[in-house]
Amino acid sequence: MPTDTTPAAPGAPALSLRGVHKRYGDTTALHDVDLRIAEGEVVGLLGHNGAGKTTLMSLTAGLLRPDAGDIEICGHSLRAEPHRARRHLGLAPQELGVYPPLTVRQNLRFFAELSGLRGREVRRRTEELAEPLGLGDLLDRGVGRLSGGERRRVHTAVALLHRPRLLMLDEPTAGVDVETRTRLIDFVRELAADGTAVCYSTHYLAEVEALAADVAVLDQGRVIARGTLDDLVRRHGVGYVELTFTGPPPAPRLPWPVTTEARTLRVRVDQPHLAVPEILAALGDAAPQLLNLDVVRPSLESVFLRLTGRRYVADAPPGGAGGHPPEPGRPGGQPAEVSGHG
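**Structural notes on the sheet that holds strand 13 (residues 264-268)**
Here four strands make up an open sheet; going across it, the order is 12-13-11-14 and the pairing antiparallel. Every other strand in the sheet has two partners, leaving strand 12 (258-261) and strand 14 (290-296) as the edge strands with one partner each. Between one strand and the next, the sheet's axes are offset by a mean angle of 15°, whatever the strand orientation. In the sheet, strand 11 (residues 240-245) pairs with strand 14 via six bridges, with the strands oriented antiparallel. Bridged to Phe-245 within strand 14 is Leu-290. Running over the sheet, helix 9 (residues 272-282) touches strand 11, strand 13 and strand 14 and is turned about 155° from strand 14. This element, helix 10 (residues 300-308), spans strand 11, strand 13 and strand 14 of the sheet and lies at about 70° to strand 11.

This is how it looks when you write it as structure tokens:
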């Protein structure tokens, strides 16, 4: 794909979704979604498997078409000006899109040339990306010989070769080592400081907190919350004591709101660490059936729990761990050049 020098529309956000709706048969994946991401802003896109995160990214990349609504990238409508819009976008989908038989350098050159880069510019961009992503010593090594974390770094570098104004990262640290996670988070901060807008979908709430990212929470295809971390914790963050039992939970008499789910009893309280002794004392004969006790202080985790009614799954692997099915129609197994790397 050739590069495009068409500038972004003055004052336009890097990404704007307005009234976006997407269905798969009888299943609504996204319902009337509005979302804006400004230049230099990092937005953590959060939601359980099946909430619509990957569908949103696939629509933004032009891999799927919305049933209603409009998507603009840097002021260019994806419906009316698809080529101009997509040339401002870099996408690193969850499924790795690199070629194991080729070296790292060959992979980067191949995708750079697909983006219209040639000769000296390819070499320059390769060197610029190699250092912050820790690829310098790996450039002439076959991708098939790399670790999972190293492949993930190559995958991310491919999405950045053409200097996109908007970067979409779908589970960028899934299954990677600590070093890769740290490098990617540091690099995302640098990109945002240079003006790149980043949409960062993740199952790891600690990464969103480390990035000091704004947050958009998707639940059943709807954006149910959008704001800064501090604002969301102030408006929605509450404390909990969560107790898990070997069987149905008891019904203790407590001065705080109590909810039950399967074998779990959840007590909502402003200072949960101080409430633990009274809660344990109220269990009475049910105390021997207690398996686990968690104290959840006001945080992004507690915000998500209050908004959706479920705790966030911190280590859900691709394909729908924890009983949540993968999103309908999500792209998978596609050739790398179709997966949306710019």
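**With respect to the pattern of salt bridges**
Side chains that carry opposite charge are capable of pairing whenever their charged atoms lie near each other. Across all of its chains, the model carries 19 salt bridges by this definition. Between Glu-41 and Arg-226 there is a salt bridge; the shortest N-O distance is 3.4 Å. Here Glu-41, found in the loop between strand 2 (27-37) and strand 3 (42-46), pairs with Arg-226, found in strand 10 (residues 222-227); they are 185 residues apart in sequence, far enough to count as distant. By relative accessible area, which is 18% here, Glu-41 ends up buried. Accessibility expressed as a relative area gives 28% for Arg-226, which makes it partly exposed. Between Arg-125 and Glu-128 there is a salt bridge, and its shortest N-O distance comes to 2.5 Å. A residue pair is termed a helical-turn pair when its members lie 3 or 4 positions apart in one helix, as Arg-125 and Glu-128 do in helix 4 (residues 119-130) at three residues. Residue classification places Arg-125 among the buried residues on the basis of a relative accessible area of 8%. Each of the salt bridges in this network shares a partner with another, and the network as a whole consists of Glu-121, Arg-124, Arg-125, Glu-128 and Arg-163.

**Comments concerning the nonpolar core**
Counting residues in each nonpolar core, the largest one holds 47 residues, and the members touching the most others are Val-42, Leu-46, Val-104, Tyr-200 and Val-215. Examining the composition of this core, we find that six residues originate from one element, helix 6 (residues 178-193), more than from any other. Those residues in contact with Val-104 that lie beyond four places of it in its chain are Leu-138, Leu-139, Arg-141, Val-143, Leu-146 and Val-154. One finds Tyr-24, Leu-64, Ile-73 and Met-168 within the second-largest nonpolar core, a separate group that totals 31 residues.

About the criteria used
- Residues numbered from 1 in each chain as written.
- Predicted model: local features only at pLDDT ≥ 70, side-chain atom pairs only at ≥ 80, totals over all residues.
- Heavy atoms only, no water.
- Pairing = 2+ DSSP bridges.
- Helix = DSSP H or I, 4+ residues; strand = E, 2+ residues; numbered from the N terminus.
- Axes fitted to C-alpha atoms, helices over the stretch in contact; angles between N-to-C directions.
- Contact = heavy atoms within 4.5 Å.
- Salt bridge = Lys/Arg side-chain N within 4 Å of Asp/Glu carboxyl O.
- Buried < 20%, exposed > 50% of the residue type's maximum accessible area, 1.4 Å probe, protein only.
- Core = buried A, V, L, I, M, F, W, Y, C linked by side-chain atoms within 4.5 Å.

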